[in-house]
Amino acid sequence: MLICDTVRAISLASIPIAALSGHLTLVQLYMIAFIEGIFEAFFDIAEISSVPQVVSKEQLPAAMSRTQVTAGLTSLLGPALGGTLFAIRSLLPFLTDALSYGVSVLSLLLIRVPFQEQREAVQRNLRREIGAGLNWLWHQPVLRSMAFITAGNIFFGAGQTLIIIVIAQKHSASSATIGLIFSIAGIGGILGAVAAESILRRFSFGQIITGVLWLYVICWFPLVALPSPLLLGLLTGAAFFIGPFYNITYVSYRLSITPDALQSRVNSVARLIALGASPIGQALTGILLQYYGPQITVLLATIGQIILALIVMANRDIRHARPAHKTEM
């Protein structure tokens, strides 16, 4: 994580330096965007894999809840802050972003808890390590099932943003109105992350996963009627509100039962499976919207969500999975 944020700080700081010296090029911007994406992926996997070492098993749901709240606030306030800084001076957003990575590096240095258990230095083999993570996950019935359920959930919801925009535009909604809809969604996500810890204490793993998938159906199906922007915003906010319940429940469980030596491998493999179908889902949504319209697109996505909910209800392992704080490593 230290290396990732140091590299990202330097790369972003190079933009104002190059601009002030008159040597900023489009190629440099592309390279920095590529570097940002690569090191963000490494940082995210390292960050989530270190959480079980920083907090106790009982605190995992609370830690993941606070992480999602922070991410939600950043996503909600970041664009507005970036726009304001850009209006003051075009180079300020890049300089501020670089400084934020510097603050991240400093905060990481101040954490005294080791991010992983002591291990013997061994020769690394990337293919073998990926295989070890996949093999371990495959022999965990709950995690194996959840990896593919999550992939399906992401696949059917991949085009949600595009669908919302198309429905809003059919009501001649302005850009400001569409922005307000997504602001409501962002606020819903933050409130959901705040409430998730309480939800995890009251309901079992299976109840939360099953309940969220059925609630997605309830939030999705009314979109077939092409609701007004106000109702569209409320439904979108409701969908974003329940999303953290699923994410925090699943990730907390995965972190709680995965051995420390396999955390990064298992988390990366689980994410690869879950996110692998997302580009296909987005492309398919675009095709369906273009040739069949939003109503058919929403109906097919809703049917997909119903199938996922029924699969989970029929899955004994998921139904009887123990809460994250009651699992054993």
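Residues numbered from 1 in each chain as written. Predicted model: local features only at pLDDT ≥ 70, side-chain atom pairs only at ≥ 80, totals over all residues. Heavy atoms only, no water.

**What about the overall build of the protein chain?**
No. 1: Summing up its helical and strand segments, the protein chain has 13 helices and zero strands in all.
No. 2: Reading the helices (α) and strands (β) of the protein chain from amino to carboxyl end gives α-α-α-α-α-α-α-α-α-α-α-α-α.
No. 3: Expected size for 329 residues packed as a compact globule is a radius of gyration near 20 Å; at 21 Å, the protein chain falls within 12% of this value.
No. 4: For the protein chain, the spread of C-alpha atoms along the three principal axes comes to 55 × 50 × 35 Å.
No. 5: Taken over 329 residues, the protein chain has a buried fraction of 41%.
No. 6: The contacts in the protein chain between residues at least 6 apart in sequence include a share of 83% that link residues at least 24 apart.
No. 7: Across the protein chain, the mean location of the 20 positive side-chain charges is 7 Å away from that of the 14 negative side-chain charges. (Helix = DSSP H or I, 4+ residues; strand = E, 2+ residues; numbered from the N terminus. Rg over C-alpha atoms; globule rule 2.2 N^0.38 Å. Buried < 20%, exposed > 50% of the residue type's maximum accessible area, 1.4 Å probe, protein only. Contact = heavy atoms within 4.5 Å. Lys, Arg positive; Asp, Glu negative; His and termini not counted. Charge placed at Lys NZ, Arg CZ, Asp CG, Glu CD.)

**Some words on the side chain of Thr-302**
No. 1: Mapped onto the fold, Thr-302 is located in helix α12 (residues 278-314).
No. 2: Within the structure, Thr-302 has its side chain in polar contact with the backbone oxygen of Val-298 (distance 2.8 Å).
No. 3: Beyond its immediate chain neighbours, meaning those up to four positions away, Thr-302 contacts Val-217, Trp-220 and Phe-221. (Polar contact = N/O pair within 3.5 Å; in protein donor to acceptor, adjacent residues only side chain to side chain.)

**Quick word on the nonpolar core**
No. 1: Counting 54 residues, the largest nonpolar core has Met-146, Phe-205, Leu-213 and Tyr-246 as its most contacted members.
No. 2: Among the elements that take part in this core, helix α10 (residues 229-257) stands out by supplying twelve residues, more than any other.
No. 3: Ignoring any residue separated from it by four or fewer positions in sequence, one finds Leu-213 in contact with Ile-149, Asn-153, Tyr-246, Gln-305, Leu-308, Ala-309 and Val-312. (Core = buried A, V, L, I, M, F, W, Y, C linked by side-chain atoms within 4.5 Å.)

**Let's talk about the packing of aromatic side chains**
No. 1: Tallied over the entire structure, the rule returns five aromatic pairs.
No. 2: For the ring pair Phe-205 and Tyr-253, a centre distance of 4.9 Å and an interplane angle of 50° mean the geometry is tilted. You can see Phe-205 sitting in helix α9 (residues 205-220) and its partner Tyr-253 sitting in helix α10, a full 48 residues away along the chain. By the burial criterion, Phe-205 is buried, and Tyr-253 matches it.
No. 3: Across the ring face of Trp-138, the terminal group of Arg-144 is positioned such that the distance to the ring centre comes to 5.5 Å. (Phe/Tyr/Trp six-rings, centres within 6.5 Å; stacked < 30°, edge-to-face > 60°. Lys NZ or Arg CZ within 6 Å of the ring centre and 35° of its normal.)

**Quick notes on α9**
No. 1: For α9, spanning 16 residues, the distance from its first C-alpha to its last is 23 Å, which sits close to the expected 22 Å at 1.5 Å a residue.
No. 2: Looking only at α9, the buried set comprises Phe-205, Gly-206, Ile-208, Ile-209, Thr-210, Val-212, Leu-213, Tyr-216, Val-217, Cys-219 and Trp-220. (Expected span 1.5 Å × (residues − 1).)

**So, the confidence of the model for the protein chain**
No. 1: Scored by pLDDT, the protein chain has a mean of 89; 95% of the residues are at 70 or more.
No. 2: For the protein chain, per-element mean pLDDT is lowest for helix α5 (residues 126-138), which scores 84, and highest for α9, which scores 96. (pLDDT = per-residue confidence, 0-100.)

**Some words on the side chain of Ser-145**
No. 1: If you trace the backbone, Ser-145 turns up in helix α6 (residues 141-157).
No. 2: With a relative accessible area of 17%, Ser-145 lands in the buried category.

**Overview of unusual backbone geometry**
No. 1: A positive phi is found at Ser-172, a non-glycine position, where the angle reads about 60°.
No. 2: Among the structural elements, Ser-172 can be located in the loop between α7 (160-170) and α8 (175-202).
No. 3: Its identity as a non-glycine residue notwithstanding, Leu-226 has a phi of 50°, on the positive side.
No. 4: Looking at the element boundaries, Leu-226 is found in the loop between α9 and α10.

**Thoughts on the packing of helix α3 (residues 60-88) against helix α4 (residues 92-110)**
No. 1: Running from N to C, α3 and α4 cross one another at 125°; their axes reach a closest spacing of 7 Å. Taken together, α3 and α4 sit at an angle that is classed as oblique. Only Leu-92, Pro-93 and Thr-96 of α4 make contact with α3, whose side of the interface consists of Gly-82, Leu-85, Phe-86 and Ile-88.
No. 2: Looking at the contact of α3 with α4 residue by residue, the class counts come to five nonpolar, two polar and no charged. (Axes fitted to C-alpha atoms, helices over the stretch in contact; angles between N-to-C directions. Parallel < 35°, antiparallel > 145°, perpendicular 65-115°, else oblique. Nonpolar A, V, L, I, M, F, W, Y, C, P; charged D, E, K, R; others polar.)

**Overview of the environment of Ala-41**
No. 1: Position of Ala-41 relative to the elements: it lies in helix α2 (residues 26-54).
No. 2: On the basis of relative accessibility, which here comes to 44%, the residue Ala-41 falls in the partly exposed class.
No. 3: C-alpha of Ala-41 to C-alpha of Tyr-250: the two residues are 209 residues apart in sequence and 19 Å apart in space.

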